[in-house]
Amino acid sequence: MAEDHSAGSNRIDLVVFSSLFPSSARPGAGLFIRERMFRVAQHRPLAVVSPQPWFPGQSLIRRLRPGYRPPASELEMQQGVRVYHPRFLAVPGLMRRFDGLSMALGSFLLLRRLRAEGARLIDAHFTFPDGEAAIRLGRWLGLPVTITLRGTEVPHSRDPALRPRLVRTLNAAAHVFSVSDSLRRLAFELGAAAEKTEVVGNAVDIRIFHPVDRAAARVRLGLPEDAKVLISVGGLVERKGMHRVVDCLPGLVARHPGLHYIVVGAGGPEGDMRPELEAQVARLGLAGRVRFLGALPPDELKGPLSAADVFVLATRNEGWANVLLEAMACGLPVVATDVGGNCEVICRDELGSIVPFGDAAALQQALHAALDKVWDRAAILDYAQANQWEKRVAQLLRAYGPLLANSHAGMESSPAAK
């Protein structure tokens, strides 16, 4: 029997629009968006539209690369929220600059149906191509659009072909969120009006991320009780910089002979560096010191984090790295590169240290100092607990309120509504 989309239980206020969102095919994709918006769903009914790239014959590529664009179901129910996966034409390496238009065309009929169910606002994540597609859909359907900058805008703004499109998209948005102040400043550079921009950082769920017994966590991982342990969590891609940490290890081992390094994560759309990382470890004579745990679900991360002494993220580009707060919620100090919003998260010396990106000597010295220092773990935990989701959600709801009200009034007065 066909689903009755006119039922009162299907009424929604807003549509979350993001091609990066968890699914059964990609359970680890865009968890930070779901964490935020499913909390909003406790106050405002919503549906998620997560367009998926497709082109004829792409299943043939999966025979050679099994993880390539794994197909997602047309509709999934996640925690009582409908998550749709409409397809849009996206040929790899060709015409990718048309993804915004293609994404909008592929989602139009679905968005029109959701508008009939009451949707009065499109909440898009990432300015390109998602935000650009959402602006087109908003124009076609008479709906306001909010956009959240999450970090990809930094490299995109340096692309002469993409920058003007970012400018047009942000100027057309009804409201612009950013996950860090550095991204808000970028939005200003791209012409977004100050009065319609605000920072809504990511947050941490301390019910999931909290310290567990360190000795027991080390036993489970086969780590010596007296070892010094570093940990990184993230995709095994060049941007995240695990290879930069591995390069520092020989110098660190000279001062900390029992040092171990835990790496949690797997490859993704940007690639998979695990073979290169394993070769690097072997080349540097670090076999037995570096452990690759693969990808872990959020509720299993607290174990490895609690087993470690210091969290390190030598990333090249970030918006607001949620994993920094997750590490702090497990009591870990953090060493991270000075990119994106990292310095806004690690904003006090008692939380860790920030080093210039690309300065291997500074990274190694900061890790030496962090491993030697006696940290006030209680202060780190207090900071993480002060950055829970409730404050962020309340801020979003305040911003959505006038947009939803004005959109409703406009729809009520439009000829189509009479």
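Throughout what follows, the structure given in this document is the object of discussion. (Residues numbered from 1 in each chain as written. Predicted model: local features only at pLDDT ≥ 70, side-chain atom pairs only at ≥ 80, totals over all residues. Heavy atoms only, no water.)

### Here's the deal with the overall build of the chain
Scanning the chain from terminus to terminus reveals 16 helices and 16 strands. Rg of the C-alpha trace for the chain: 22 Å, near the compact-globule value of 22 Å for 418 residues, within the 12% margin. Expressed as lengths along the three principal axes of its C-alpha atoms, the size of the chain is roughly 75 × 50 × 45 Å. Counting every position in the chain, which comprises 418 residues, the buried fraction comes to 54%. The long-range share in the chain, meaning contacts at least 24 apart out of those at least 6 apart in sequence, stands at 71%. Roughly 18000 Å² of accessible area belongs to the chain as shown, and the carbon and sulfur atoms make up 56% of that amount. For the chain, the separation between the mean place of its 50 positive charges and that of its 42 negative charges on side chains is 5 Å. (Helix = DSSP H or I, 4+ residues; strand = E, 2+ residues; numbered from the N terminus. Rg over C-alpha atoms; globule rule 2.2 N^0.38 Å. Buried < 20%, exposed > 50% of the residue type's maximum accessible area, 1.4 Å probe, protein only. Contact = heavy atoms within 4.5 Å. Areas by Shrake-Rupley, 256 points an atom, 1.4 Å probe, with all protein chains shown as cover. Lys, Arg positive; Asp, Glu negative; His and termini not counted. Charge placed at Lys NZ, Arg CZ, Asp CG, Glu CD.)

### Comments concerning the sheet that holds strand β1 (residues 14-17)
Spatial strand order, β4-β5-β2-β1-β7-β8-β9-β10: eight strands in an open sheet with mixed pairing. The open sheet has two edge strands with one neighbour each: β4 (75-78) and β10 (197-199). The mean angle between the axes of side-by-side strands here comes to 20°, regardless of whether they run parallel or antiparallel. For strand β2 (residues 46-49) and strand β5 (residues 81-84), the ladder comprises two bridges, and the chain directions are parallel. Considered in β5, the bridge of Val 49 is made with Tyr 84. (Pairing = 2+ DSSP bridges. Axes fitted to C-alpha atoms, helices over the stretch in contact; angles between N-to-C directions.)

### Quick look at the environment of His 243
Counting through the fold element by element, His 243 comes out in helix α9 (residues 242-255). Residue His 243 is classed as buried on the basis of its relative accessible area of 17%. Separated by 181 residues in the primary sequence, His 243 and Arg 62 place their C-alpha atoms 27 Å from one another. Among all residues touching His 243, those that are not within four sequence positions of it are Glu 238, Met 273, Leu 277 and Gln 280.

### Digging into helix α6 (residues 163-172)
Along an α-helix, residues three or four apart share an orientation, since each turn contains 3.6 residues. Those residues of α6 that fall on the buried side of the exposure criterion are Arg 165, Leu 166, Thr 169 and Leu 170. All buried residues of α6 fall inside an arc of 125° around its axis, so they share one side. Elements that come into contact with the buried residues of α6 comprise α4 (127-141), β8 (145-149), α5 (153-157), β9 (175-178) and α7 (181-189). (Arc of directions from axis to C-beta.)

### Thoughts on the nonpolar core
Proteins that are soluble and globular tend to have nonpolar side chains buried together. Ranked by internal contacts, the top residues of the largest apolar core, which has 102 residues, are Phe 17, Tyr 261, Leu 305, Phe 311 and Met 328. No other element matches the seven residues that α9 contributes to this core. Of all hydrophobic cores here, the second largest spans 21 residues; its members include Phe 38, Val 48, Val 81 and Leu 396. (Core = buried A, V, L, I, M, F, W, Y, C linked by side-chain atoms within 4.5 Å.)

### What to know about the pairing of strand β15 (residues 334-337)
Across the two faces of β15 the burial is the same, with Val 334 and Ala 336 and Val 335 and Thr 337 all buried. Sheet topology places strand β14 (residues 310-313) next to β15; three bridges connect them, and they run parallel. What sits directly across from Leu 313, in β15, is Ala 336. Of the crossover connections in this fold, the one passing from β14 over helix α12 (residues 322-329) to the parallel β15 is right-handed. (Right-handed = clockwise from strand over helix to strand, strands pointing away.)

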